[in-house]
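# Structural overview for review
If you want the building blocks of each chain, they are given just below.
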2 protein chains.
Amino acid sequence: MAEKVVAGIDIGGTNTKYGLVNEQGKILSRGTIRTAEYQQPEEFAKTLAAIISSEAEKISDVILCGYGIGSPNGNYFTGTIEFAPNLPWKGVVPLAKHFADACNLPVALTNDAKAAAMGEMIFGGAKNINHFFFITLGTGLGSGIVSDGKIVYGHDGFAGEMGHIIVKEDSDRLCGCGRYGCLEQYASASGIRISYLKFLAGKARRAPVDPEQIDSAFIFQQAKQGDQEAMRAFDYTGEILGLALANAVTLFSPQVIFLFGGLAQAGELIFEPTRRSLEKNLLKIFKGKTKILPSSLNEGDAAILGAASLIWHDLKKVAQ
Amino acid sequence: MAEKVVAGIDIGGTNTKYGLVNEQGKILSRGTIRTAEYQQPEEFAKTLAAIISSEAEKISDVILCGYGIGSPNGNYFTGTIEFAPNLPWKGVVPLAKHFADACNLPVALTNDAKAAAMGEMIFGGAKNINHFFFITLGTGLGSGIVSDGKIVYGHDGFAGEMGHIIVKEDSDRLCGCGRYGCLEQYASASGIRISYLKFLAGKARRAPVDPEQIDSAFIFQQAKQGDQEAMRAFDYTGEILGLALANAVTLFSPQVIFLFGGLAQAGELIFEPTRRSLEKNLLKIFKGKTKILPSSLNEGDAAILGAASLIWHDLKKVAQ
């Protein structure tokens, strides 16, 4: 019998990555196309579906069963991408429908962080965990919340936006969402950069390199070498993240919080202060119960696996 | 055929109220016993089960099908009451088991705010609403969160404690939980009292009566008469509650937030600033979507109906 595979598609502003993924989470084939070249989403869907379908035909004895798509601002309920600032398509784009029209197979679409959370549940460290947070500390802070074995979507599909919890009332950090003081302005690669530059300025120390060249990887290197302001930036980031997580734990009581993304690569520099702040700020009944762990998904594969897991999950539900 | 009824039991520090409730949410019989008189929880359960069973026998043609219990610090998963400071029973008390031993019928137990949320869902204004918050603004702030038609319990049964979200980092308000700055120290009958006294002190105005006599009902009366500090106390309470709710909406995206309890009786004085602050602080995609409404449960019946709805809900699940 032919092996079933699904397509996992990770849409980004510049490039879209895709892979053919089997039920065990192995990526049998993968590729990239340039998102920005397609001004029309219909054309994008048609072209990509044709590419993927022909790739599947090249692999002997597999049958393509569906498309899972992770996208910024993707909505699982409607299959639409809504007002994504970094994509070439404006307004509300029914991308799941465009794919379904092009391929005549099941299509599931959600936002990228929720897809990655699903990936952690189906293929990663959350296989037997029914209550967890998946948090991507990238340029921004993306999150997928799983409660009772299911992604929390809310009534409209937009729930779980932990990055947009307001954590500082009188913050001077303007978020891309138009408000001030969102968690992602502190706990993200961009957030730690602002904190580091502020700590340097407070010490009247000049940045060791051109500020334009400072990113979270640079701060990580500095901190490893014992730079006080860089270490303080990690501590401060962890403190704010830990408090926000403590509040979220009070609402969801998860078993595990998975951290993923560039900033999570800093290891104990970010995990230790985050854990410390979480425990310090937790209500007594929650203390010592929620682990903070690195995601077990490989940085390069997570988005494709997450998108693929979305449709694997749906296919299994149908089969039950 | 005999009509099915269930017992709804609302355990309080001083009194325990109970009622026999039919499937339509009508209370056919009710009564009260003094919690404080029973030092042993087994004896409490045995006595109350006997009373309720004999009350059911007095009503012609009904059959008692189960016991639903709402209690401070009640845990649905374990059927235990854990470290409830205001009850006579210390430590972890397996009260659901004591009732089951005494009556040989299905027993469900949860905390009082979650029971009330279930009551709103089964008998009240949330009948067709799958995503909502139920918030009791009493002496403290109790909450039950419903996501996708189910109470959010988390992995250990303790999720949904919105009253213990830390909303002020450098707060001087010590919460009963031992931490500072919890939402319930602001948005509750006790919280508004502290705010009002602070505003009076700031104006170097003496309290119009002995501060001991000031409670939320008094502040309500003062505000209705145009007292500036009383009105400001309601505004301030609503502002803080609205911001905390905006953050929680970002995580759960509910359709409705039901407010219940003494402070909610103040009507627009509390609803208007809460709504204003919620809308102001919401992420754009959530604006205008979540209603804040008064609970449709009657203040005197809510706890009994909530507890009864818990077991009605379980009985229906079994029947399906």
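Going by the structure above, here's the rest.
One structure accompanies this document, and this report is about it. None of the values given here were measured: they were computed from a predicted structure.

All names here are of chain A. Going through the model one piece at a time under the given rule, you end up with 25 aromatic pairs over all chains. Their ring planes at 50 degrees and their centres at 6.4 Å tell us that Tyr 76 and Phe 77 sit as a pair that is tilted. Relative accessible area serves as the criterion here: at 23%, Tyr 76 is assigned to the partly exposed category. Site record: aromatic cluster; members linked through ring pairs are Tyr 38, Phe 44, Tyr 67, Trp 89 and Phe 99.

Another aspect to go through is the interface of chain B and chain A. Much of the literature gives interface size as the accessible area that the parts lose upon coming together. Taken together, the contact between chain B and chain A spans 38 residues of the former and 38 residues of the latter. Interface area, chain B with chain A, both sides summed: about 3,200 Å², of which 60% is carbon and sulfur. The three residues of chain B that bury the most area against chain A are His 155, Leu 251 and Leu 283 of chain B, which together make up 21% of that side's buried surface. Inspection of the chain B/chain A interface yields six salt bridges. Residue Asp 148 of chain B pairs with Lys 150 of chain A through a salt bridge whose shortest N-O separation is 2.7 Å. Taken together, the connections running from chain B to chain A amount to 20 residue pairs in polar contact (both at pLDDT 80 or more). When contributions to the side of chain B that touches chain A are tallied by element, the ones reaching two or more residues are β10 (141–147) and α6 (228–252) of chain B. Tallying contributions element by element places α6 of chain B first for the side of chain B that touches chain A, with six residues. Residues that form the side of chain B that touches chain A fall into these classes: 19 nonpolar, eleven polar and eight charged.

Laying chain B over chain A is done by rotating through 180 degrees and shifting 0.0 Å along the axis; what remains is an RMSD of 0.1 Å. With respect to symmetry, the two chain copies, as superposed, fit the operation of a two-fold axis. With an isologous cut-off of 70% or more, the 100% of interface residues of chain B that recur at the interface of chain A puts this contact in the isologous class.

Definitions and limits used
- Residues numbered from 1 in each chain as written.
- Chains lettered and ligands numbered in written order.
- Predicted model: local features only at pLDDT ≥ 70, side-chain atom pairs only at ≥ 80, totals over all residues.
- Heavy atoms only, no water.
- Phe/Tyr/Trp six-rings, centres within 6.5 Å; stacked < 30°, edge-to-face > 60°.
- Buried < 20%, exposed > 50% of the residue type's maximum accessible area, 1.4 Å probe, protein only.
- Contact = heavy atoms within 4.5 Å.
- Buried area = accessible area lost by both parts, 1.4 Å probe.
- Salt bridge = Lys/Arg side-chain N within 4 Å of Asp/Glu carboxyl O.
- Polar contact = N/O pair within 3.5 Å; in protein donor to acceptor, adjacent residues only side chain to side chain.
- Helix = DSSP H or I, 4+ residues; strand = E, 2+ residues; numbered from the N terminus.
- Nonpolar A, V, L, I, M, F, W, Y, C, P; charged D, E, K, R; others polar.
- Least-squares fit on C-alpha atoms with pLDDT ≥ 70 in both.

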